[in-house]
Amino acid sequence: MQFMMIVKSTKESEAGGAPNPKLMAAVAKMAEEANRRGVMVGGGGLQPSSQGARIRVGGGKTAVIDGPFAETKELVGGYAIFDLKSREEAIQMGKEFMQVHADILGPSYEGELEIRPLMEPPPNGGKSS
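Below, the structure is looked at part by part. All of these numbers come straight from a predicted model, not from anything done at the bench.

## Quick word on helix α3 (residues 87–105)
Move 1: The end-to-end C-alpha distance of α3, which contains 19 residues, comes to 27 Å, matching closely the 27 Å that a straight helix rising 1.5 Å per residue would cover.
Move 2: Three or more residues of α3 are buried, namely A90, M93, G94, F97, M98, V100 and H101. Relative to the axis of α3, the buried residues are bounded by an arc of 140° and lie together on one face. Of the residues in α3, the exposed ones pointing more than 90 degrees away from the buried face are E88, K95 and D103.
Move 3: In this fold, the buried residues of α3 make contact with β1 (2–8), α2 (21–37), β5 (76–83) and β6 (113–117).
Move 4: G106 sits one or two residues past α3 and shows a positive phi near 90°.

Pasting the structure below:
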């Protein structure tokens, strides 16, 4: 089963400053281990929302909204997709990932990671046999 882990942005990541090098090294080590185990499908960090845009549709009209976007805790700062055995395994991996942040960035760090299972394609691509 595949899971997407979505780490939320912080004021610091939205400000566009360089990430903490010690944290990036620790995250890279975790990714290397997940790749070695064959469970990491992909992932990466995202530029601040000031570099992005949103496309909104309503009332039959399409609008483009340029970043930055207001609420950092609602923004995606990075993501990873893992192929794991269970939701419990995904939660354990997510807890370890966030603990690395707390250990390196200290007690003032506040962050959030969302874990969502990916939709699985229907058997036979949805075609009846």
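Additional details are given in the paragraphs that follow.
## Examining unusual backbone geometry
Move 1: Here G67 and P68 are connected by a cis peptide whose omega angle stands at 10°.
Move 2: Among the secondary structure elements, P68 is positioned in the loop between β4 (61–66) and β5.

## Brief notes about the packing of aromatic side chains
Move 1: Taken as a whole and judged by the stated rule, the model has 0 aromatic pairs.
Move 2: When the ring centre of F69 is taken as reference, the NZ or CZ atom of R54 above it lies at 3.9 Å.

## Observations concerning the pairing of β5
Move 1: Pairing of β1 with β5, which is carried by 7 bridges, proceeds in the antiparallel orientation. If you follow Q2 over to β5, its bridge partner there is D83.
Move 2: Both strand β2 (residues 40–45) and β5 contribute to a ladder of 5 bridges, which runs antiparallel. Its bridge partner being in β5, G43 is matched across the sheet by A80.

## What to know about the environment of M30
Move 1: Looking at the element boundaries, M30 is found in helix α2.
Move 2: If sequence neighbours within four positions are ignored, M30 has contacts with E96, F97 and V100.

## Notes on the sheet that holds β6
Move 1: The 4 strands lie next to each other as β2-β5-β1-β6, forming an open sheet whose pairing is antiparallel. Strands with a single pairing partner mark the edges of an open sheet, and in this sheet they are β2 and β6. Each strand of the sheet is rotated relative to its neighbour by a mean of 15°, with strand direction disregarded.
Move 2: Pairing of β1 with β6 involves 5 bridges; the strand directions are antiparallel. Bridging across to β6, F3 finds its partner in P117.

## A closer look at the nonpolar core
Move 1: Counting residues in each nonpolar core, the largest one holds 19 residues, and the members touching the most others are M5, F82 and L84.
Move 2: Sorting the residues of this core by element identifies β1, α2, β5 and α3 as the ones contributing at least two each.
Move 3: Not counting residues up to four positions away in its chain, the partners in contact with M5 are G78, Y79, A80, F82, L84, A90, M93, G94, L113, E114 and I115.

What counts and what doesn't
- Residues numbered from 1 in each chain as written.
- Predicted model: local features only at pLDDT ≥ 70, side-chain atom pairs only at ≥ 80, totals over all residues.
- Heavy atoms only, no water.
- Helix = DSSP H or I, 4+ residues; strand = E, 2+ residues; numbered from the N terminus.
- Expected span 1.5 Å × (residues − 1).
- Buried < 20%, exposed > 50% of the residue type's maximum accessible area, 1.4 Å probe, protein only.
- Arc of directions from axis to C-beta.
- Contact = heavy atoms within 4.5 Å.
- Phe/Tyr/Trp six-rings, centres within 6.5 Å; stacked < 30°, edge-to-face > 60°.
- Lys NZ or Arg CZ within 6 Å of the ring centre and 35° of its normal.
- Pairing = 2+ DSSP bridges.
- Axes fitted to C-alpha atoms, helices over the stretch in contact; angles between N-to-C directions.
- Core = buried A, V, L, I, M, F, W, Y, C linked by side-chain atoms within 4.5 Å.

What is shown is where atoms sit, not what they do.
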